[in-house]
Amino acid sequence: MCSHWVLLAFCCLGQLCADQSLKPQIAAPHLATNNPTLTTVALEKPFCMFDSSLSPNKSYVIYLYTMKESASAISSLVTDNNSKPLNSTFQQTNGGQLGPYKAALFNVPNCASPPKLADVGDVNKVSDVLKQYLFRVGDDGTCLYDPNFLAVCNPPLAPDTTYRFKYVLVDSTEGIMKDQTIWSDPVKTRRVKLPLKIDTWPGRRSGGMIVITSILSVLVFLLLAGFLASVSSAVMVSEDSSVEIRRMSQTIQQSEPRLQLSSE
């Protein structure tokens, strides 16, 4: 009974139940903060999406395809005429500009035993839970430049660019597609901010205000330095006057005995 409620909550939170629209969903904000980033998008894995297409004693995998929204609809197919999934790569599609490329390959998530979302609050378990529940597109910054890399390459996405994503269920024995989702809603990566527009102050000061603040700070420093110099000069003059007075007093005291001796 408890597992039933966990499964129900999991599906409703992720919007991944079979009776809902079968398309990749961007990760919930409380599970993936700062999403999308400049070069990555965190997606929920397809829990419970393909249960009706799974057959006993069969082996399946999930392919994730990525495509720029600007690619033409004609080139959005992910299989050939024999229902075999395409192995198009990031380089071959110009980063998804010419059509979809295979960005990931992973096992079918276990709908009967999903990760426990309550464990997200446990610092010792949160990393494992998120790896089971989410997939981050664009998370591999080295595969394009590694000549020995043989797995599916998942290179960084382009900033300020809109993408769509699709999950495909593949029979790994026959090598053919058994089911697929529709393309996701468009997801746009973040835009690179110009240096003058980067908000680095709590008060959200602009670049011009920062320059003015810097100038005022320098002026205050100069005024403070001048004040300290004046005080120091006054103290030195006061000390010199005190020394001169003491010398004159000593001279007078020494001359008085001489005057008394001469008068005698």
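The name given to the protein in an unreviewed UniProt entry is UPK3A protein, with the source organism recorded as Ardeotis kori.

Enquirer: Quick rundown of the pattern of salt bridges? Include the residues and the values.
Expert: Evaluated as defined, the whole model comprises six salt bridges. Linking Asp-171 and Lys-58 is a salt bridge whose minimum nitrogen-to-oxygen distance equals 3.5 Å. Taken as a pair, Asp-171 in strand β5 (residues 162–171) and Lys-58 in the loop between β1 (41–44) and β2 (60–68) lie far apart in primary sequence, 113 residues in all. The class of Asp-171 is buried, set by a relative accessible area of 1%. The shortest N-O distance in the salt bridge between Arg-164 and Glu-69 comes to 3.2 Å.

Enquirer: Residue-level account of unusual backbone geometry, with values.
Expert: That bond from Asn-35 to Pro-36 is cis: its omega, 0°, falls within 30 degrees of zero. Note that Pro-36 resides in the loop between α1 (2–14) and β1. A positive phi angle, near 60°, is found at Asn-57, a position not held by glycine. For Asn-57, the position within the fold is in the loop between β1 and β2.

Enquirer: With reference to specific residues and values, describe the environment of Lys-166.
Expert: For Lys-166, the position within the fold is in strand β5. Taking relative accessible area as the criterion, Lys-166 reaches 6% and is therefore assigned buried. For the pair Lys-166 and Asp-185, spaced 19 residues apart in the sequence, the C-alpha separation amounts to 9.9 Å. With sequence-adjacent residues up to four places away left out, Lys-166 is seen in contact with Pro-24, Tyr-63, Leu-64, Tyr-65, Val-78, Gln-180, Thr-181, Ile-182 and Trp-183. In this structure the side chain of Lys-166 is engaged in a polar contact, spanning 2.7 Å, whose partner is the backbone oxygen of Thr-181.

Enquirer: Please give an account of the state of the cysteines that cites residues and values.
Expert: The bond known as a disulfide is covalent and runs between the sulfur atoms of two cysteines. A complete count under the given rule lists two disulfides for this structure. Disulfide partner of Cys-48: Cys-111, at an S-S distance of 2.1 Å. Taking the torsion about the sulfur-sulfur bond, which here is approximately 95°, the covalent link between Cys-48 and Cys-111 counts as right-handed. With Cys-48 in the loop between β1 and β2 and Cys-111 in the loop between β3 (101–107) and α2 (126–133), the pair connects residues that are 63 residues apart, well separated along the chain. Cys-111 matches Cys-48 in its accessibility class, with the two residues each being buried. In this model, Cys-143 is linked to Cys-153 through a disulfide, with the two sulfur atoms separated by 1.9 Å. Residues Cys-143 and Cys-153 are joined through a disulfide that is right-handed, its torsion about the S-S bond being 65°. Note that Cys-143 is positioned in the loop between β4 (134–137) and β5 and Cys-153 in the loop between β4 and β5, a separation of ten residues in sequence.

What counts and what doesn't
Residues numbered from 1 in each chain as written. Predicted model: local features only at pLDDT ≥ 70, side-chain atom pairs only at ≥ 80, totals over all residues. Heavy atoms only, no water. Salt bridge = Lys/Arg side-chain N within 4 Å of Asp/Glu carboxyl O. Helix = DSSP H or I, 4+ residues; strand = E, 2+ residues; numbered from the N terminus. Buried < 20%, exposed > 50% of the residue type's maximum accessible area, 1.4 Å probe, protein only. Contact = heavy atoms within 4.5 Å. Polar contact = N/O pair within 3.5 Å; in protein donor to acceptor, adjacent residues only side chain to side chain. Disulfide = S-S within 2.5 Å.

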